Amino acid sequence: MDAGVWVKALVNWLHLSAAVVWLGAIFTAPLIMARAIGPEPEAARSRLRGRYYTAFSPVAWAALALLTLTGTVRAAAHLENGWHDLWATPWGKLLFLKLAAVAALVWAGAYSTYRLAPRIAASERRLAPGDRAAAREAAKRLHRLNLASVALGLFILLIVTFL
């Protein structure tokens, strides 16, 4: 078999594997955060929130980096007339829509990871009643953002079915 076929197959496999890991982390976040804002004792909820973002964030960002690399390779191979095809062909327009949705999802992930999660962790360390209330409110906002991210992830999967 031609080496180019094997390279394409490997790139596709890496892209799909990274997508599973990245979207898997996004899709599990609401389930974890639902427990983290639920009826369990505050200390248990706090540990759960901290463990989730400590464990999954680096994995999700690494998967996103691999998705970006392999997606660029796949798009370059598919766009016969260069980047002009991105807005000149139906396939390119769908890819552009997918990229816009991915960009929104990346923003949501960055906001969750680097803004909300540290705010929750800092508030919970202070242990003052007002700080715990602020942490709980931030956790609820994080949960809502996670649910919106799941919807956006499903929208991306819908677009992918047409690519």
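Residues numbered from 1 in each chain as written. Predicted model: local features only at pLDDT ≥ 70, side-chain atom pairs only at ≥ 80, totals over all residues. Heavy atoms only, no water.

Turning our eyes to something else, we now look at the overall build of the protein chain. Within the protein chain, the regular secondary structure consists of five helices and zero strands. Helices and strands in the protein chain line up, N terminus first, as α-α-α-α-α. Total accessible area on the protein chain stands at roughly 9,600 Å², and carbon and sulfur atoms take up 72% of it. (Helix = DSSP H or I, 4+ residues; strand = E, 2+ residues; numbered from the N terminus. Areas by Shrake-Rupley, 256 points an atom, 1.4 Å probe, with all protein chains shown as cover.)

Turning our attention to the side chain of histidine 15. Here histidine 15 is to be found in helix H1 (residues 3-36). Overall, the relative accessible area of 8% leaves histidine 15 in the buried class. Residues in contact with histidine 15, not counting those within four places in the same chain, are Leu67, Thr70, Gly71, Arg74 and Lys98. (Buried < 20%, exposed > 50% of the residue type's maximum accessible area, 1.4 Å probe, protein only. Contact = heavy atoms within 4.5 Å.)

What follows is about the packing of aromatic side chains. Following the criterion strictly, the structure yields two aromatic pairs and no others. When the ring of tryptophan 107 is compared with that of tyrosine 111, the centres are 5.3 Å apart and the planes differ by 10°; the resulting orientation is stacked. Of this pair, tryptophan 107 and tyrosine 111 both sit in helix H4 (residues 90-126), four residues apart, roughly one helical turn. (Phe/Tyr/Trp six-rings, centres within 6.5 Å; stacked < 30°, edge-to-face > 60°.)

Right, let's get into a nonpolar patch on the surface. On the surface, a nonpolar cluster with roughly 400 Å² of combined accessible area is contributed by Leu97, Phe155, Leu158 and Phe162. Among the secondary structure elements, phenylalanine 162 is positioned in the segment after helix H5 (129-160). (Patch = residues over 30% accessible without salt bridge, like charges linked within 9 Å, V, L, I, M, F, W, Y side chains within 5 Å. Salt bridge = Lys/Arg side-chain N within 4 Å of Asp/Glu carboxyl O.)

Residues Trp22, Ile26, Tyr53, Leu105, Ile120 and Leu142 are the most contacted members of the largest nonpolar core, which totals 27 residues. Counting residues per element, the ones that place at least two in this core are H1, helix H2 (42-78), H4 and H5. (Core = buried A, V, L, I, M, F, W, Y, C linked by side-chain atoms within 4.5 Å.)

Note that leucine 142 resides in helix H5. Leucine 142 sits in the buried class, given a relative accessible area of 1%. With near-sequence residues (within four places) excluded, leucine 142 lies in contact with Met33, Tyr53, Ser112, Leu116 and Ile120.

Attention now moves to the environment of alanine 100. Looking at where alanine 100 falls in the secondary structure, it is placed in helix H4. With relative accessibility at 43%, the residue alanine 100 sits in the partly exposed group. In the structure, alanine 100 is positioned 56 residues away from isoleucine 156 in sequence and 9.5 Å away in space, judged by C-alpha atoms.

This brings us to the environment of tryptophan 87. Assignment of secondary structure puts tryptophan 87 in helix H3 (residues 85-88). Spatially, the C-alpha atom of tryptophan 87 lies 10.0 Å from that of leucine 97, the residues being 10 residues apart in sequence.

Let us now look at the side chain of threonine 70. Mapped onto the elements, threonine 70 comes out in helix H2. Looking at threonine 70, the relative accessible area reads 5%, which means it is buried.

Another aspect to go through is the confidence of the model for the protein chain. Summing up the model confidence of the protein chain, the mean pLDDT is 83 and the portion of residues at 70 or higher is 84%. The least confident element of the protein chain is H2, whose mean pLDDT is 82; the most confident is H1, at 86. (pLDDT = per-residue confidence, 0-100.)

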